[in-house]
Each structure stands twice: as structure tokens, then as C-alpha cells.
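Summary of the model geometry
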Amino acid sequence: MSNRKLGRVVVIGGGASGVLAACHLWRIADGAVAVTIVEPRPELGRGLAFGTRFDGHLLNVRAGQMSALPDRPDDFQTWLAASGARLAADPRDPLCFVPRGLYGRYLDELVAHLPRPTPAAPAGLEHVRQQCVGLLERDDGVTALLADGTTVEAQAAILATGNEPAASIVSPVAMSPWDDATWAAIPRDGLVLTVGTGLTMADSVLSLLATGHRGPIVALSRRGLLPQPHGAAPPLALDLADIPLGTSIAYLTRWFRRLLRDAAGRGYGWRSVFDGLRPHLRAIWQNLPPDSRARFLRHARPLWDVHRHRLAPSVDAALHRARGGGQLTIVAGRLVSAEATAEGAVVRYRRRGGGELVELRPAAVIECIGLASDPLGSANPLLRDLLARGAARPDLLGIGLDVTRDGALIDATGQPSTRIFAVGPPARAAFWEITSIPDIRTQSADTARKIWQELPLR
Amino acid sequence: MLTKKGKYGLKAMVELGRLPEGRTMLLADIAEANDIPKPFLEIILGELRQAGFVRSKKGRGGGYALARPASEIHIGHLVRALDGALAPISCASRAFYKRCDDCVDEDTCAVRRMMLDVRQAVSDVLDRRTVADMLAPAAVENLTATLEKNPIF
């Protein structure tokens, strides 16, 4: 490579997916590549998931499964033990759950030691603290347009724009669970309503309790389903050869129920079955007929999510205590109206099953409705630009960008890009489960390998 | 090994794959053209219909047709649905696992280790080929070319 020009890849977004993609690219290229991460935040690895500074917000995945590097499964725990972080759990225990903010630090340090590129030695990683607002693809490369009017020229681009909070359904009365200023602004004895009963609700309740909140908390969602806690059982050993790929969702559901029954007969609980299925979810999703995918999203998703995305046992215990003590109430019902008042809000909901109309006057409403998925509703200026110009299109189900199984962006005419790839949540439509590190790790390593093998970076 | 049920099922799928868009075929005609006992074929097509690979229409002009394009239905999909796990020996299947009666030590069983490799090789082929590939028997490509053309997972 001595007399050839060094290739550059621009990674848009410096949260978990962007850092993992950059890190894997660096490793595959064995250091012979220039990587530019475009991310306005001062630190890398601190997107929506790992940006929290509150130690009560724990990872929803065990420490032993959180390594950024598939070939070094204990990398995170090695880092953890050397980090000097004071933990409630033993950092060497692969089953422990540690604070999410700590994981953000791990990701930051993962790439912090890489060399900064200089004109004399262009290989390395640079972090440009800008918002990317546009991306143009040419025959010989890509140009990223930044908010300050500058550009980054590269041979390939990786879209790692991450998760976005869902658009508000009760604005303007709602407060954001992602904003640290929310908790201090809530009167300690006031009634708090969370709209949503999922993982974000759990985080919000912990944040509230940590600030010394004494008032009652009501958590409302259509079905009133809470995420299940993790257990300690090992996953069921399942092979792709055993799974009825390509069948309709009705058939697959019957198969899954039978599997649960059979596994129970052999002493395996539902957690073991869900965990055993996990490595194959991508193949199952990709082989599922499109109308079956839509039916799964419409009917089974809430039930799937509470079993699949589970709570750390200590978080579950805290929620139990709050419910047992009467401070936290979970309600199943449909939101009817929400209006702001001088003291907070007036919220009406109808109890599930055609029940009575209930009126609440909370001092604060926290919107815990999870993450946005429809790219057409995205607030991200880059995604809006790509969609407006037809360089990208939403997938059939409207849950992400339309991408190939390699993550290559598909344009409005159906043509896959050879230079722009999506990793992590924007690629959800092709991979389905791409919200947690073990999944994003695999996908970003695959994408990095594809870019390195197929583009003339060397 | 592919059972009779699996073989008849694949034959029926190929027959249906040849139909022009929008056309259906009667069970009796599929059975006759492929020399499959009718009652057996009825069971097989019922299972394929339940799994979402074929659809049926009752009454005049009725019959069977593929529920999805032939290029989207992998052979591995069909064999799993008709014959169960793609495993040549029951202890090499994990979900439908059964220990052999005469097993001394599974971890060191050479037969089992060999059969695990066989299972892998079988799914490597069946999960990459589709019903559409079976429609053009004259143009049998070599496996490498097929793998390059249809990378999966």
C-alpha cells in the first residue's frame, strides 16, 4: 500500500453502532485505513442508549455478552476489571449487569487509543464534531456535507444514525425521559404519569426514586405489560437446521409454542428458549414472508418485546418494591386526551376492555413510548435529505430504511448503493433485532468486512 | 435422508412452480403427473398450505398454486416443514434431539461428529437453492456459482 492513496471511510454517527463499525473496520484493515466519525457530541459511544450518567440505569444484557469484539468475548469484562469503576456487582461475574454509562466509557476508550491522522501519516481515526446534513454518492466515492458547510470526502460511508425517541403523542404536556433536567423539575410529592410501561418506564421510575420522589407514580400502556426480568438459566441449544424457516407466521408461532412445551418438559423455561433462538432471529426474520412480518409486528410485537428485552434482576426488584409499597401502579388502558394546566396536566384514559373513563391530574407526564422507527418521521437531517433526494427509501413495513442483507442502502428506484451502508437501528428492516450490542456487533463487523473486501480502499 | 413425503412434496412444488401466473392445478392432476398416491399428496399439500407455501382455491377453477414466488421458497424451508430438522441422525439435531440407545459418550462419538458436519453441508445446499432453481433442470450450475449468486445470512 506504500505508493497508493489510503482509503477513507466516513462513519455518520458516533454512538454505539458508529464506534463498533469504526473499530471493526480498523481491525479488518489492520490499521491501513482512515476513518472519520461525524458526531456532534463531545464523547464517542454516548448515543441514546449509553449517554446516561445515572448509575441506576443498567445494561439490559449481561456483562459477559457485551464485548465489542466477537473474537475476544471477555474484552468488556477485562476492561471493566481494570477500569477501577466501583460496582455493586463483581465485575468478573459474566452474569452481572453494570451501569449503561460505563459501557459508553468503554466504547469511547475502545477507539480513543487509535492514532489521529496527520498529513504525513493519514491512517487513523478522527472525530469531527459536526452534524452531517447530506451525503452524495458518486462513481468514485462519497461526499458528506456537514452543518458548518465543510465536507468530508471518502470512498464509502456508514450510516450509524442510531435510535431516535418516538415522536410525542401527548405533547406539549409531556417531559422527556432522555433529558437529565426532567427529574429535578418534578415536584417531589406530585403524581407522575408515565405513558408507556416498557424499559424506558423502568429507567424513569429509577431516576425518579433516586431524586427522592415521594409522590405516586402511575404507568399506563395499552396492555399494561411490564418487561420480564432476566433469569440465570442457560440458553437452549438450537440449530438453524431445526427451525422451520420460510414458513408463515401462524405456522412459526405454532412451532414456537410446541418448542416452549417440549423445552419445559426437558426442564428449560421460556427464557432459555428465547435466548436459544436469539442467534437465529436474523435468519428467521429474513426468511419470513413479508405479510407474515407485518402480522408479527401488528399482533405479537408487544408480547415478544417484554419477553425478549428483559430487565436486570435488581431493576425488577426495585419496581416490585415500588409496586408493593403502593407508590407505583401499572394500568392497562388507552389514552383519550391530555391537556396542559397550570399545575401540570389533565389526562383521561379508558381502562382496557371497554372499561370506564378515568381522569388523572398528574404534576408531570413522562413519555416513555420508546423509539421511533418510521424513517419518514425522522428528525435526523441526513436521513431526511437521503429520503427527499431518493437516495434512500423506507422499507415496505415502514420500520427502517430499505437495505440489502449486507446493509447497503437501496434507493428510490430499487438500486442498492455500492458505497453507502447502514448499521444498527436504521437497518432494522433487514435484521429485525438490531437494538442491542450482540446484534449490532455482528452486523457492523460484517459491514466493515464487506466494505474492506469490495471497495478499492487499498 | 429425504423421506417419501419430502420427495413427493418437492415434486408437487416443482409442478406448481411451472404454472403460469394466476393459474391453479387440481390435486388429482398433480398426483397423476408425478405418480404420487392421491391421499398421501392430500396430506402433504395440506401441510404445505398450513406452512404458507401453497394456497388452495375451492370450487370451479379451483386447485393449488404457490403462495409465494418460486424464487422466495428455499428447498430447506420445504424439507424442514415436511421432514422436520435437517439432521441425518437424531443426536445431531439439537431441537429434536434424541440420544442414541447405545450411546457411550456423545462428546467423543465420531459418528455424531461426522453427522454434524453432514447436517451443516446439507443445510448449506438446501438453504441456498429455491424452487425456482429446480425449475430449470437443464441448466445445473455448479454449487460454487450458486453460492456466489445467492449468499444468505
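Before reading further, recall that the structure is shown in the block above.
What comes next is a walk through the structure. Remember, predicted model here, so these are calculated numbers, not experimental data. Here the residue numbers are simple positions, counted from 1 along each chain's written sequence. To label them, take the chains in the order written and letter them from A, then take the ligands in the order written and number them from 1. Totals for whole chains, interfaces and linings use all residues, but because this is a predicted model, local features are given only for residues with pLDDT of at least 70 and pairs of side-chain atoms are given and counted only at 80 or more.

Section: the overall build of chain B
In this description a helix means any DSSP run of H or I spanning at least four residues, a strand means any run of E spanning at least two, and both kinds are numbered starting from the N terminus. For chain B, the count of helices and strands is 7 helices and 2 strands. Secondary structure of chain B in N-to-C order comes out as α-α-α-β-β-α-α-α-α. Here a residue counts as buried when 20 or more other C-beta atoms fall within 10 Å of its C-beta, as exposed when 12 or fewer do, and as partly exposed in between; the C-beta atoms come from the backbone. Residues counted as buried form 26% of the 153 residues belonging to chain B. Contacts here follow a simple rule: the backbone-placed C-beta atoms of the two residues must lie within 7 Å. Here the contacts in chain B between residues at least 6 apart in sequence split such that 58% fall between residues at least 24 apart.

A word on the environment of Pro425 of chain A
All names here are of chain A. With respect to the element layout, Pro425 can be found in the loop between β16 (416-422) and α12 (428-431). Between the C-alpha atom of Pro425 and that of Ala160, which follows or precedes it by 265 residues, the distance is 7.8 Å. When near neighbours in sequence (up to four residues on either side) are disregarded, Pro425 contacts Gly162, Asn163, Ile434 and Thr435.

So, the packing of helix α1 (residues 4-17) of chain B against helix α3 (residues 38-50) of chain B
Two quantities define a packed helix pair, namely the angle between the axes and the distance from one axis to the other. Residue and element names in this part refer to chain B. Structural elements are reduced to axes, namely lines fitted to C-alpha atoms, with helices fitted over the stretch in contact, and the angle between N-to-C directions of any two is expressed from 0 to 180 degrees. As a packed pair, α1 and α3 sit with axes 10 Å apart at the nearest point and diverge in direction by 75°. Taken as axis vectors, α1 and α3 run roughly perpendicular relative to one another. Taken together, the residues of α3 that come into contact with α1 (itself represented by Lys5, Tyr8, Gly9 and Ala12) are Phe40, Leu41, Ile44, Leu45 and Leu48. Here roughly perpendicular refers to angles of 65 to 115 degrees, roughly parallel to angles under 35, roughly antiparallel to angles over 145, and oblique to all remaining angles.

Some thoughts on the interface of chain A and chain B
Contacts between the two partners involve 18 residues from chain A, matched on the other side by 20 residues from chain B. The element that contributes the greatest number of residues to the side of chain A that touches chain B is helix α8 (residues 281-287) of chain A, accounting for 3 residues. Note on residue categories: nonpolar means Ala, Val, Leu, Ile, Met, Phe, Trp, Tyr, Cys or Pro, charged means Asp, Glu, Lys or Arg, and polar means any other residue, Gly included. For the side of chain A that touches chain B, the class distribution of residues is 10 nonpolar, 5 polar and 3 charged.

Comments concerning the sheet that holds strand β12 (residues 344-351) of chain A
All names here are of chain A. Here, a strand pair is defined by DSSP locating no fewer than two bridges between the strands. Sheet architecture is open: 7 strands sit in the order β8-β14-β9-β10-β11-β12-β13, paired in mixed fashion. Each having just a single partner strand, β8 (174-175) and β13 (357-360) make up the two edges of the open sheet. As defined by bridge partners, strand β9 (residues 192-195) adjoins strand β10 (residues 217-221) across 4 bridges and the pair is classed as parallel. Opposite Val192, over in β10, you have Ile217 as the bridge partner.

Details of the pairing of β16 of chain A
Residues and elements named next belong to chain A. Summarising burial for β16: 5 of the 7 residues are buried, a large majority. Bridge count between strand β7 (residues 156-159) and β16: 3 bridges; the pairing is parallel. Following the sheet pairing, Ile158 is matched in β16 by Phe421.

Looking at the sheet that holds strand β2 (residues 34-38) of chain A
Residues and elements named next belong to chain A. An order of β3-β2-β1-β7-β16-β15 is seen for the 6 strands of this open sheet, with the pairing classed as mixed. Taken across any chain shown, the strands that pair with only one partner, and hence form the sheet edges, are β3 (124-128) and β15 (408-410). In this sheet, neighbouring strand axes are inclined to one another by 35° on average, regardless of whether the strands run parallel or antiparallel. Across 2 bridges, β15 lies against β16 in antiparallel orientation. Across the sheet, residue Ile410 finds its bridge partner in β16, namely Pro416.

Points about the environment of Gly355 of chain A
Relative to the helices and strands, Gly355 of chain A is located in the loop between β12 and β13. Taking the C-alpha atoms as reference, Gly355 of chain A lies 9.9 Å from Arg334 of chain A; in sequence the two are 21 residues apart.

A closer look at unusual backbone geometry
Although it is not a glycine, Asp30 of chain A sits at a positive phi angle of roughly 50°. In this fold, Asp30 of chain A is placed in the loop between α1 (16-28) and β2. On the neighbour-count criterion, Asp30 of chain A (9 C-beta atoms within 10 Å) is exposed. For Asp35 of chain B, which is not glycine, the phi dihedral falls at a positive 55°. Considering the arrangement of structural elements, one finds Asp35 of chain B in the loop between α2 (27-34) and α3.

Focus on helix α13 (residues 437-454) of chain A
All names here are of chain A. In a helix, the anticipated span is given by 1.5 Å times the number of residues less one. Along its 18 residues, α13 runs 25 Å from first to last C-alpha, staying within 8% of the 26 Å computed at 1.5 Å per residue. Within the sequence span of α13, burial applies to Ile437, Ile440, Arg441, Gln443, Ser444, Ala445, Thr447, Ala448, Ile451 and Trp452. Lining the buried residues of α13 we find β1 (8-12), α1, β7, β16 and α12.

Here we look at the nonpolar core
Judged by nonpolar contacts, the single largest core of 107 residues is most densely connected at Ile12, Ala22, Leu25 and Ala157 of chain A. It is α1 of chain A that contributes the most residues to this core, 8 residues altogether. Those residues in contact with Ile12 of chain A, other than ones at most four positions away along the chain, are Val38, Cys132, Ala144, Ala157, Ile158, Leu159, Ala160, Thr161 and Leu382 of chain A. In this structure, Ile284 of chain A together with Met13, Ala51 and Ala85 of chain B belong to the second largest nonpolar core, which totals 38 residues. By our criterion, buried Ala, Val, Leu, Ile, Met, Phe, Trp, Tyr and Cys residues that link up through C-beta atoms within 7 Å make up a nonpolar core.

Considering the pairing of strand β5 (residues 142-146) of chain A
The side chains of a regular strand alternate, residue by residue, between the two faces of the sheet. All names here are of chain A. Both strand β4 (residues 132-137) and β5 contribute to a ladder of 5 bridges, which runs antiparallel. In the sheet register, Gly134 faces β5, and the bridge partner there is Leu145. A loop of 4 residues connects β4 with β5, the two strands running antiparallel in sequence. The pairing of β5 with strand β6 (residues 151-154) spans 4 bridges and is antiparallel. When the bridges of β6 are listed, Thr143 appears paired with Glu153. Connecting the antiparallel pair β5 and β6 is a turn made up of 4 residues, with Gly149 showing a positive phi of about 90°.

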